Amino acid sequence: MADTQELQRIASQVRRDIVRMVHAVQSGHPGGSLGCADFFTALYFHVLHHDPKRWNMDGTGQDLFFLSNGHISPVWYSVLARSGYFPTSELSTFRKLNSRLQGHPTTHEGLPGVRMASGSLGQGMSVAIGAALAKKLNGDDRLVYTLHGDGELQEGQIWEAAMYAAGNKVDNLICTVDVNGRQIDGDVDDVLPLGDLKAKWIAFGWEVLETDGNDMIALLKTLEQAKAKTGKGKPIMILMRTEMGQGVDFMMNSHAWHGIAPNDAQLAAALGQLEETLGDH
Ligand SMILES: Cc1ncc(C[n+]2csc(CCOP(=O)(O)OP(=O)(O)O)c2C)c(N)n1
Ligand SMILES: [Mg+2]
């Protein structure tokens, strides 16, 4: 397991991977990816019980992760490659024809680490609940994790799933939300306000934790607390405050970089702010 300093160094390389991947094909979603780089690094390099070398679709005996906001695939692909699911050289095929690294993840290409197609928002929690219930039926005590966007929470299916999970005591499930306050067209508060998210999840019967999703120490602590709350009859929700574009100054403080690619000069400026720690792909 990596320590905090090592995790921060990995996250810096993951951020470099993200901007380089999106720049190379001039398409993709850097904003949410950069904001979630610390979470993905913590999850894959410290929290998950997983064995990339023995990856299989069922994941019996391993923790599972489902990315519900599939548009932030660059951060996931980088972390999957950096943790050994496939060669980092494959990151340069992102969004190309016939690549296993499609803009929105799919299972069709058989990319190790991906167990669900996503991109159409709102579906991941339902899939994760099914997987969590299957683990219970199989006597498998490993956990199921998800990530959702805050804009994604405007999907009705999320709240059906939320009711179902609490009503059926799916307590081996840790869901997380990237609360960056932004979505594709603007600030969440301007598009469709979510109100008091903590109160909403509590009212739906969930155990709720809040953290700073760009503070590695806080993240690790909260993920540990979440794990300690499993098996007690309630599903768990972690609301993570993040900054869209975190780590690249001109990509922060607005929704502008939700889904656009940097040009050559912007790439150079971004890379100047992100230390190369593990070697570029
Ligand atoms: C069902 C569905 N409706 C609309 C979209 C289009 N869409 C893609 S990303 C996005 C914004 C989602 O906001 P959020 O989850 O907060 O992601 P962020 O912008 O923070 O990365 C939308 C509406 C979609 N992918 N799926
Ligand atoms: Mg958002």
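Our structure's up above, just so we're on the same page.
Presented here is an overview of the structure given in this document. (Residues numbered from 1 in each chain as written. Chains lettered and ligands numbered in written order. Predicted model: local features only at pLDDT ≥ 70, side-chain atom pairs only at ≥ 80, totals over all residues. Heavy atoms only, no water.)

### So, helix α10 (residues 264-271)
All of the buried residues in α10 are L267, A270 and L271. Down the axis, α10 shows its buried residues gathered within 95° of arc, on one side only. Lining the buried residues of α10 we find α1 (4-25). N-cap assignment for α10: the residue whose side-chain oxygen lies 3.1 Å from the backbone N of A265 is N263. (Buried < 20%, exposed > 50% of the residue type's maximum accessible area, 1.4 Å probe, protein only. Helix = DSSP H or I, 4+ residues; strand = E, 2+ residues; numbered from the N terminus. Arc of directions from axis to C-beta. Contact = heavy atoms within 4.5 Å. Polar contact = N/O pair within 3.5 Å; in protein donor to acceptor, adjacent residues only side chain to side chain.)

### Quick notes on the state of the cysteines
The tally for this structure, following the rule as stated, stands at 0 disulfides. Counting only cysteine sulfurs, C175 is the nearest neighbor of C36, a cysteine outside any disulfide, at a range of 14 Å. (Disulfide = S-S within 2.5 Å.)

### Topic: the side chain of D178
With respect to the helices, strands and loops of the structure, D178 is situated in strand β3 (residues 173-179). It is R15 that comes nearest to the buried, bridge-free D178 among opposite-charge side chains, at 9.5 Å. (Lys, Arg positive; Asp, Glu negative; His and termini not counted. Salt bridge = Lys/Arg side-chain N within 4 Å of Asp/Glu carboxyl O.)

### Looking at the side chain of Q183
The topology assignment puts Q183 in strand β4 (residues 182-183). For Q183, the side chain forms a polar contact with the side chain of Q154, separated by 2.7 Å. In this view, Q183 contacts G151, Q154, V188, V191, H255 and H258; residues no more than four positions away in its chain are not counted.

### Description of the nonpolar core
Soluble, globular proteins show a tendency: their nonpolar side chains are buried together. Core analysis: the biggest nonpolar cluster contains 56 residues, and F39, F40, Y44, F65, F86 and L147 have the highest contact counts within it. Contributions of two or more residues to this core are made by α1, α3 (37-47), β1 (64-67), α4 (73-82), β2 (144-149), α9 (216-228), β7 (236-241) and α10. Tallying contributions element by element places α3 first for this core, with 8 residues. If we ignore the near neighbours within four places in the chain, the residues touching F39 are F65, L147, T176, G213, L219, L223 and M240. In terms of nonpolar packing, the next biggest core, distinct from the first, is built from 28 residues, M116, I158, A162 and A165 among them. (Core = buried A, V, L, I, M, F, W, Y, C linked by side-chain atoms within 4.5 Å.)

### Describing the packing of aromatic side chains
Inspection of the entire model under this criterion finds 11 aromatic pairs. Arranged with centres 6.1 Å apart and planes meeting at 65°, the rings of Y77 and F94 form a pair that is edge-to-face. Here Y77, found in helix α4, pairs with F94, found in the loop between α4 and α5 (124-137); they are 17 residues apart in sequence, far enough to count as distant. Taking the relative accessible area as the measure of exposure, Y77 reaches 0% and is therefore buried. Aromatic side chains W159 and F204 sit 5.0 Å apart centroid to centroid with 55° between the ring planes, which places their arrangement in the tilted category. Here W159, found in helix α6 (residues 156-167), pairs with F204, found in the loop between α8 (197-203) and β6 (207-212); they are 45 residues apart in sequence, far enough to count as distant. Classification of F204 as partly exposed rests on a relative accessible area of 28%. In this structure an aromatic cluster arises from ring pairing among F39, F40, Y44, F65, W76 and Y85. (Phe/Tyr/Trp six-rings, centres within 6.5 Å; stacked < 30°, edge-to-face > 60°.)

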